[in-house]
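Tertiary structure, described
The lines below spell out each chain.
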Amino acid sequence: MKYFTIAALLLISMRPAHAYLDGGSGSYIVQMAMAGMLAMVFSVKLAWQRIKTSISRTHHRGQ
Amino acid sequence: MTIQREPGSFRDPCGFVYTRDGDIYRQVQPSYAANYDLLQQSGLAAALMTDGLLVRSTEADISLAAYPGAYRVLSVDRVPFISYPYEWCFSQLKDAALLTLEIQKRAIEKGMSLRDSSAYNVQFVGAKPVFIDTLSFEAYAEGKPWVAYRQFCQHFLAPLALMAHVDIRLSQMLRIWIDGIPLDLAASLLPRKLMLNPGLLTHIFVHGAAGSKYADDSGAKAKRATETRVSKLAMLGLVDSLETTVRKLSWAPGGTEWGNYYANTNYTDTALKSKQQLVQQMLGTIQPAPKLVWDLGANTGLFSRIASTQRINTVAWDIDPAAVEKNYLQCKSTGEGALLPLTADLTNPAPAIGWNHQERKSMLQRGPANVVFALALVHHLAISNNVPLTGVADYLASAGNWLIIEFVPKSDSQVQRLLASREDIFPCYTQDGFEEAFATRFEIKHSAPVPGTERTLYLMCRR
């Protein structure tokens, strides 16, 4: 019963108000499990893009 | 007054599409009111429409609602021709995927998120993908995972990965699985070495395994998942990761049977130009001026462009994914707006599929075209596929009102090639037999030999 309640809460709590699509609990779990990694990789990527843009600007100014 | 609800628009309780006296409308239900207001007030809808990413719609008088109780009624611009993902070439599906992700990124910036990511939400106007489901947006609640993540992977990423890494023809799996290719199936078909690709590892292999494992999960892992949130940064990271994975997938059309067709024909340059002129002349005599042309067996669209360059919406159907890919890439590079290349096997054309056989229409249900081109096609249907000439005439009469068709006699080297490895069981395949068979369904308006060949071009009108 405890597990049933947990599963039910999981499904209910994760559905947006107007969702008509079943996102799938496995799909939610993958997103949650990968969230930290995705955020970190994306932050590094953004930072690297900023550095590249900054270098590019400096280079153009020098020309 | 005729109101007809679009049969494929039934899943979403927030609204539906219908036609009223032939014009397209979308009824927005009160349950979508808050999201609709946010979509408008945030400026997201206007920005996406201005940039041509979202089909243009304007608010219409509420009295035009299909049923009482509408929150809003939208008048929606018509897409010239509705096509489906299993008819797209690799780059069309890839561009549709990238459009969906671009829209999701822009939606998040404006405090919204896509609540579905079906490939059927995308249509093509020429070579330009356009998102057509105005009600796909919902308020973004930070911390919530993306409800449409699995659907995106099933509709876009899995078929693209299979087409790129296993076989281009696997796009046809989308005809069987209308809600996209199950990820566990895709994972089982993809080479194991692709697990070294971080994007495919996460979004296909791990995602597929998790889908199977937690389909009926009620365990502690599911509980732990509830304790983690997907931050906005992680959500943007997810979309970025999907985009990177999609962008890295590629497929180059090789020298397939039809991809090099024009280099392998028995036409001289003069004969080809004469045939183009004849087609142009015949097309020019058709009244009223055609609005939709289907070029069946279009290859890379050489003859389709006779119509599309006159701004006639033209669908260039071909069986070869390489020819369709080349045609689409050419359309993209030149920005052609009236030509839509699509894949079709005319011996087994797209059927009506989905709920009650009505969710997605068959090829013929999306016709008839005003004019059908059937150039260098009849011998393939009659000899390679054993269709009697009367059967070919029946089919083409269902496909269009006017017909520009080429008869290729047995003496032609292309027909000789088809007969080289099989017995000639086609005594009726003669020019007289062709005219007799087609006379039952069409009136022959004009015919002319194609100079420099043994072929004849006909202009016919359906009886």
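Residues numbered from 1 in each chain as written. Chains lettered and ligands numbered in written order. Predicted model: local features only at pLDDT ≥ 70, side-chain atom pairs only at ≥ 80, totals over all residues.

**Quick notes on the overall build of chain A**
Check the secondary structure of chain A and you find two helices and zero strands. Counting over 63 residues, chain A shows a buried share of 22%. (Helix = DSSP H or I, 4+ residues; strand = E, 2+ residues; numbered from the N terminus. Buried ≥ 20, exposed ≤ 12 C-beta atoms within 10 Å, placed from the backbone.)

**Observations regarding the pairing of strand β7 (residues 122–125) of chain B**
Looking at chain direction, β7 of chain B and strand β8 (residues 128–131) of chain B are connected through four bridges and run antiparallel. The residue bridging V122 of chain B from the neighbouring strand is F131 of chain B, located in β8 of chain B. (Pairing = 2+ DSSP bridges.)

**Digging into the sheet that holds strand β11 (residues 313–318) of chain B**
Adjacent strands of a sheet form backbone hydrogen bonds with each other and so pair up, either parallel or antiparallel. Residues and elements named next belong to chain B. The strand order β12-β11-β10-β13-β14-β16-β15 describes an open sheet built from seven strands, whose pairing is mixed. Sheet topology places β12 (339–343) and β15 (442–449) at the edges, where each strand pairs with a single neighbour. When the angles between neighbouring strand axes are averaged without regard to direction, this sheet yields 20 degrees. Docked against the sheet, helix α13 (residues 321–334) engages β11 and β12, running at close to 160 degrees with respect to β12. Strand contacts of helix α15 (residues 389–399): β10 (292–296), β13 (369–374), β14 (400–407), β15 and β16 (456–462), with the helix running at about 145 degrees to β13, the strand carrying the most contacts. (Axes fitted to C-alpha atoms, helices over the stretch in contact; angles between N-to-C directions. Contact = placed C-beta atoms within 7 Å.)

**Some thoughts on helix α11 (residues 269–285) of chain B**
At 3.6 residues per turn, the α-helix brings residues three or four places apart onto the same side. All names here are of chain B. Across its 17 residues, α11 extends 25 Å between first and last C-alpha, which sits within 8% of the 24 Å expected from 1.5 Å per residue. Residues of α11 that are buried include every one of K275, L278, V279, M282 and L283, and no others. Buried residues in α11, looked at end-on, bunch into an arc of 130 degrees, giving them a common side. Among the exposed residues of α11, those pointing more than 90 degrees away from its buried face are D269, T270, Q277, G284 and T285. (Expected span 1.5 Å × (residues − 1). Arc of directions from axis to C-beta.)

**Focus on unusual backbone geometry**
All names here are of chain B. With an omega dihedral of -5 degrees, the bond running from Q287 to P288 counts as a cis peptide bond. Position of P288 among the secondary structure elements: in the loop between α11 and β10. Omega for the peptide link from G367 to P368 comes to -5 degrees, which places this bond in the cis form. Mapping P368 onto the fold places it in the loop between β12 and β13. Although it is not a glycine, R311 adopts a positive phi angle of roughly 65 degrees. Tracing the backbone shows R311 in the loop between α12 (304–308) and β11. The backbone phi angle of A376 is positive, close to 50 degrees, even though this residue is not glycine. Along the chain, A376 turns up in the loop between β13 and α14 (378–384).

**Looking at the domain arrangement of chain B**
All names here are of chain B. Assigned domains of chain B: these are domain 1 (3–76), domain 2 (85–248) and domain 3 (261–462). Each of domain 2 and domain 3 has a C-alpha centre, and these two points are 36 Å apart. On the domain 3 side, the residues contacting the 15 residues of domain 2 number 20 residues. The element that contributes the greatest number of residues to the side of domain 2 that touches domain 3 is helix α3 (residues 90–109), accounting for three residues. Its residues assigned to classes, the side of domain 2 that touches domain 3 comprises nine nonpolar, three polar and three charged. (Domains from an automatic or database assignment. Nonpolar A, V, L, I, M, F, W, Y, C, P; charged D, E, K, R; others polar.)

**Quick notes on the sheet that holds strand β3 (residues 23–28) of chain B**
Residue and element names in this part refer to chain B. Strands sit in the order β1-β2-β3-β5-β4 across an open sheet of five strands; the sheet is antiparallel. Two strands lie at the open edges of the sheet, namely β1 (3–5) and β4 (57–60), each paired on one side alone. Shown here is a sheet whose adjacent strand axes are inclined to one another by a mean of 35 degrees, direction ignored. Here four bridges tie β4 to strand β5 (residues 72–76), and the two strands are oriented antiparallel to one another. Across the sheet, E59 pairs through a bridge with L74, a residue of β5.

**Looking at the nonpolar core**
In globular proteins that are soluble, nonpolar side chains generally tend to be buried together. Judged by nonpolar contacts, the single largest core of 140 residues is most densely connected at L157, A161, I204, V372, A374 and I404 of chain B. If one sorts the elements of this core by residue count, helix α4 (residues 149–165) of chain B sits on top with 10 residues. (Core = buried A, V, L, I, M, F, W, Y, C linked by C-beta atoms within 7 Å.)

**A short note on the packing of α4 of chain B against helix α9 (residues 232–248) of chain B**
All names here are of chain B. It is at 11 Å that the axes of α4 and α9 come closest, and there the two elements cross at 15 degrees. Considered as vectors, α4 and α9 are oriented roughly parallel to each other. Taken as a pair, α4 and α9 cross one another with a handedness that is left-handed. Contact residues: Y149, F152, F156, L157 and L160 in α4; L238, L242, T245 and V246 in α9. Here the contact of α4 with α9 is composed, by residue class, of eight nonpolar, one polar and no charged. (Parallel < 35°, antiparallel > 145°, perpendicular 65-115°, else oblique. Left-handed = near helix turned anticlockwise from the far one by under 90°.)

**A closer look at the pairing of β16 of chain B**
All names here are of chain B. In the sheet, β14 pairs with β16 via six bridges, with the strands oriented antiparallel. Paired with L403 across the strands is M460, a residue of β16. In textbook terms, the turn of a hairpin is the stretch between consecutive antiparallel strands, and for β15 and β16 this stretch comprises six residues, one of which, G452, has a positive phi near 80 degrees.

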